[in-house]
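Each chain is listed here by its residues.
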Amino acid sequence: MIPRGSARSAPEAWHDVAAAQELVLLTTPSMRARRHPRAVIGVWAWESVLALLASWPAASLVRSVYGSDPRGDAPLWTPGGHALLDFVLHEQHGLRAATTGATLVLVVGAVAGLVPMAALMTALAYATRERRAAGFVRCVTEGLRLFRPMLVLLVAAGIAQALVLGIGAGIGSLVESWAHGGMGEARAQQLQGLVLALFLVVASAVGVAHDLARAAVVRFDVPGTRAVVLGARTLRLAPLPLWWSWAWRALAAVAPVVAVAGVAGRIGAHGGAAVFFLFVLHQSVVLARVAFRASWLAKALRAVDGALRRVRDLEPQRAASER
């Protein structure tokens, strides 16, 4: 809206509005997940919708089988699991359909989830010229625009991690076969497990580089191939600190899952308020995991930004040393 009494023309006024709404990069220390709770809640809502779509067929199947039972689905929770085993054996077709549907939803969600993930990173890294939050529409628009390079990175990282784990499994089997005769079966399996653990660490490092490349896409607006180089360079500058920044958040995100799983096993057969309490616990876990994920993505954005500054600072020194 043009202010009343303004002497400026309409095109000039609309240019000012567009300039004010243009996204500008935040300073590196300002890229913090805790400053964007609405963006975190938005990703939580997205994941909750996916979970609902994935679990709805299985829940409908259980309701169709145990809907007339006065105890509801409580028999499935009885010790020994006899009712659960009977349900699995007699409802194989329904379970197969539910599993296929859930798998399809999760696969499609993993690809479509690149948009809310990129939107979240945009919210973490950018603001308007008036220093206001980027906003839902603008962040989602950026997420859609960055979908192609994010998809390239997802495919490349998936292939790389599959190769690392496949090579690790092969080497682990060779080590187990070689050590089986001289060290015994137990020692050989321990060595195999150690080899697999080492390759899991390597695969996790590929995942860290993947997230750093994603941050490079958002931060520098580069294609996927260039982002891979920037992500790998950032990881090379500080491999252990960056890997640990990812690892402790990943471990912290697992802790509430384990805790709530224990609680769910105790109250799963109860109804009423217990079910509502279990629902709140489950959603709290999802929100906590999204918050930890957002915290790591903010760290990745700060890391690639700091790596660029560090390289720029070193360039004059390198030029002077070459002289």
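What you see is a predicted model; the values in this text were computed from it and never measured. (Residues numbered from 1 in each chain as written. Predicted model: local features only at pLDDT ≥ 70, side-chain atom pairs only at ≥ 80, totals over all residues. Heavy atoms only, no water.)

**A word on the environment of His36**
How we decide: Helix numbers and strand numbers start at the N terminus; a helix is a DSSP run of H or I with at least 4 residues, a strand a run of E with at least 2. Burial classes follow relative accessibility: with a 1.4 Å probe on protein chains only, a residue under 20% of its type's maximum area counts as buried, one over 50% as exposed, and anything between as partly exposed.
Inspection of the secondary structure assignment puts His36 in the loop between strand 1 (23-25) and helix 2 (37-66). You can call His36 buried: its relative accessible area is 12%. His36 sits 97 residues away from Ala133 along the chain, and the two C-alpha atoms are 8.1 Å apart.

**Things to note about the side chain of Ser245**
Condition: Residues are treated as being in contact if the distance between any of their heavy atoms lies within 4.5 Å.
Mapped onto the secondary structure, Ser245 falls in helix 10 (residues 239-267). Ser245 sits in the buried class, given a relative accessible area of 12%. Here Ser245 is in contact with Trp296 and Lys299, once residues within four sequence places are set aside.

**Observations concerning a nonpolar patch on the surface**
The line we're drawing: Residues qualify for a patch when their relative accessible area is over 30% and they have no salt bridge, like charges being joined within 9 Å and the nonpolar side chains of Val, Leu, Ile, Met, Phe, Trp and Tyr within 5 Å. For the area figures, the Shrake-Rupley method with a 1.4 Å probe applies, and any residue is considered shielded solely by the protein chains shown. Salt-bridge detection follows one rule: a side-chain nitrogen of Lys or Arg within 4 Å of a carboxyl oxygen of Asp or Glu.
Where nonpolar side chains cluster on the molecular surface, the patch consists of Val155, Ile159, Leu163, Ile167 and Ile171 and spans about 450 Å² of accessible area. Its location among the elements puts Ile159 in helix 7 (residues 147-183).

**Side note on the side chain of Arg302**
Where we set the bar: Charged-residue counts in this description rest on Lys and Arg as positive and Asp and Glu as negative, His and the chain ends being excluded. We define a polar contact as two N or O atoms separated by no more than 3.5 Å, with the added condition that, inside protein, one atom must be a possible hydrogen donor and the other a possible acceptor, whereas residues neighbouring each other in sequence contribute only through side-chain atom pairs.
Relative to the helices and strands, Arg302 is located in helix 11 (residues 273-322). Put simply, Arg302 is tucked away with no salt bridge, and the nearest opposite charge, on Asp305, sits 9.0 Å away. A polar atom in the side chain of Arg302 sits 2.7 Å from the backbone oxygen of Met31. Discounting chain neighbours no more than four positions away, the residues touching Arg302 are Thr28, Met31 and Arg32.

**Observations concerning the packing of helix 2 against helix 5 (residues 114-125)**
Selection rule: Note on definitions: angles span 0 to 180 degrees between N-to-C directions of axes, and those axes are lines fitted to C-alpha atoms, for helices only across the stretch in contact. Here the word oblique covers every angle except those under 35 degrees (roughly parallel), over 145 (roughly antiparallel) and from 65 to 115 (roughly perpendicular). Polar here means any residue other than Ala, Val, Leu, Ile, Met, Phe, Trp, Tyr, Cys and Pro, which are nonpolar, and Asp, Glu, Lys and Arg, which are charged; Gly is therefore polar.
One way to put it is that helix 2 packs onto helix 5 with a least axis distance of 10 Å and a crossing angle of 175°. Taken together, the axis directions place helix 2 and helix 5 in an arrangement best described as roughly antiparallel. In this structure, helix 2 uses Ala39, Val40, Val43 and Trp46 to contact helix 5, whose residues at the interface are Pro116, Leu120 and Ala123. Residues that form the contact of helix 2 with helix 5 fall into these classes: seven nonpolar, no polar and no charged.

**Notes on helix 5**
Three- or four-residue spacings in an α-helix give side chains the same orientation, since the helix completes a turn every 3.6 residues. Selection rule: Multiply 1.5 Å by the residue count of a helix minus one, and that product is the helix's expected span.
In this model helix 5 runs 16 Å from its N-terminal to its C-terminal C-alpha over 12 residues, within 8% of the 16 Å that 1.5 Å per residue would give. Across the 12 residues that make up helix 5, a large majority, 12, are buried. Along helix 5, the residues that are buried comprise Leu114, Val115, Pro116, Met117, Ala118, Ala119, Leu120, Met121, Thr122, Ala123, Leu124 and Ala125.

**Section: the confidence of the model for the protein chain**
The cut-off we apply is this: pLDDT runs from 0 to 100 and stands for how confident the predictor is about each residue.
Of all residues in the protein chain, 83% attain a pLDDT of 70 or more, and the chain-wide mean is 82. Within the protein chain, no element has a lower average pLDDT than helix 1 (residues 10-21), which sits at 37, and none a higher one than helix 5, at 95. In this model residues 1-21 is a low-confidence stretch, pLDDT under 50, and it forms 10 contacts with partners more than four residues away in sequence or in other chains. Low pLDDT, under 50, characterises residues 313-323; the predicted model gives this stretch zero contacts beyond four residues in sequence or across chains.

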